[in-house]
Amino acid sequence: MLFIHRILLFSGLFMVGCFSSSGGGSDSWGDTGDAGGSLCGSETATAFRITAISATAPERQSDGADWDVGSYPDLFVCMGTDDDYACTQTASDTLSATFNSYHDVTVLDEGFIQLWDEDLTDHDFILGWNLALSWLRLNAECGQVPLMEGDGSIVLEVNVI
Ligand SMILES: [Ca+2]
Ligand SMILES: [Ca+2]
């Protein structure tokens, strides 16, 4: 039913956010157990629970057209890998939605998360990101991670399973 066009954006970006280095200043993470830090991440995980927390869409398409004629888009998020992905239910006629919906997936190379406008036939791609394995490891167990592009965003959470 879906046409998951692989819009490959920003692979490897957003390598930020979950380090609160509490000493040493090294690039290691994980179970160092330093007091006072909020270390997160995983050096070795390959199986993840990717949770789509929420998403927002820009008011219009990049060419200025409405997502739907005279109404806001019908938002849903898909996440996983090319071979193993799942999509949330659809939130109709809105520019923002909360999903709290997850998919468990093994990632050998990279995954993705994408926001779509559901239409009768070809859904409209809104925005999305590739999630490299290294990025997933870095952001695992770090709580909610916002990915933003213009007025659009997807907030996700990555956990090790
Ligand atoms: Ca549409
Ligand atoms: Ca629609």
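Caption draft 1: Broad picture of the sheet that holds strand S5 (residues 110-117). Judged by pairing direction, the sheet is antiparallel, and its 4 strands sit side by side in the order S3-S2-S5-S6 without closing on themselves. The sheet is open, and its two edges are formed by strand S3 (84-87) and strand S6 (124-132), each paired on a single side. Taken over all neighbouring pairs, the strand axes of this sheet differ in orientation by 15 degrees on average, direction set aside. Strand direction decides the pairing type here: strand S2 (residues 75-81) and S5, joined by 6 bridges, are antiparallel. In the strand pairing of S5, Phe76 is matched with Trp116.

Caption draft 2: Looking closely at the confidence of the model for the chain. Within the chain, residue pLDDT values average 84, and 76% of them lie at 70 or more. Between residues 1-36, whose pLDDT stays under 50, and residues either more than four places distant or in other chains, the model counts 49 contacts.

Caption draft 3: Representation of unusual backbone geometry in the model. Positive phi is not limited to glycine here, since Asn100 has a value of about 50 degrees. What makes Asn100 exposed here is the crowd of 10 C-beta atoms within 10 Å. You will see that Glu141, though not glycine, has its phi angle at about 60 degrees, which is positive. Along the chain, Glu141 turns up in the loop between helix H1 (133-139) and strand S7 (144-149).

Caption draft 4: Just the pairing of strand S8 (residues 152-160), in detail. As paired strands, strand S1 (residues 47-56) and S8 are joined by 8 bridges and run antiparallel to one another. Directly across from Thr56, in S8, lies its bridge partner Ser153. Here S7 pairs with S8 via 6 bridges, running antiparallel. Paired with Glu149 across the strands is Gly152, a residue of S8. If you look at the hairpin formed by S7 and S8, you'll find 2 residues sitting between the two strands, and Gly150 has a positive phi there, around 60 degrees.

Caption draft 5: Representation of the sheet that holds strand S4 (residues 96-106). What the 4 strands build is an open sheet, ordered S4-S1-S8-S7; its pairing is antiparallel. The strands lining the two open edges of the sheet, one partner per strand, are S4 and S7. Strand after strand, the sheet turns through a mean of 20 degrees between neighbouring axes, direction not considered.

Caption draft 6: Broad picture of the pairing of S5. Here S5 lies mainly inside the structure; 6 of its 8 residues are buried. As defined by bridge partners, S5 adjoins S6 across 8 bridges and the pair is classed as antiparallel. By the bridge assignment, Leu115 is partnered in S6 with Leu127. Counted along the chain from S5 to the antiparallel partner S6, the turn is 6 residues long.

Caption draft 7: Structural view of the nonpolar core. Core analysis: the biggest nonpolar cluster contains 36 residues, and Val77, Ile113 and Leu115 have the highest contact counts within it. Take this core: its biggest share by element is 5 residues, from S6. Excluding residues within four positions of it along the chain, Leu115 makes contact with Ala55, Ala57, Leu75, Val77, Ile126, Leu127, Gly128, Gly152 and Ile154.

Caption draft 8: Structural detail: the environment of Leu131. Within the secondary structure, Leu131 is located in strand S6. A count of 27 C-beta atoms within 10 Å places Leu131 in the buried class. Apart from residues lying up to four places away in sequence, Leu131 is in contact with Glu110, Gly111, Phe112, Ile113 and Leu136.

Calculation notes
Residues numbered from 1 in each chain as written. Chains lettered and ligands numbered in written order. Predicted model: local features only at pLDDT ≥ 70, side-chain atom pairs only at ≥ 80, totals over all residues. Pairing = 2+ DSSP bridges. Helix = DSSP H or I, 4+ residues; strand = E, 2+ residues; numbered from the N terminus. Axes fitted to C-alpha atoms, helices over the stretch in contact; angles between N-to-C directions. pLDDT = per-residue confidence, 0-100. Contact = placed C-beta atoms within 7 Å. Buried ≥ 20, exposed ≤ 12 C-beta atoms within 10 Å, placed from the backbone. Core = buried A, V, L, I, M, F, W, Y, C linked by C-beta atoms within 7 Å.

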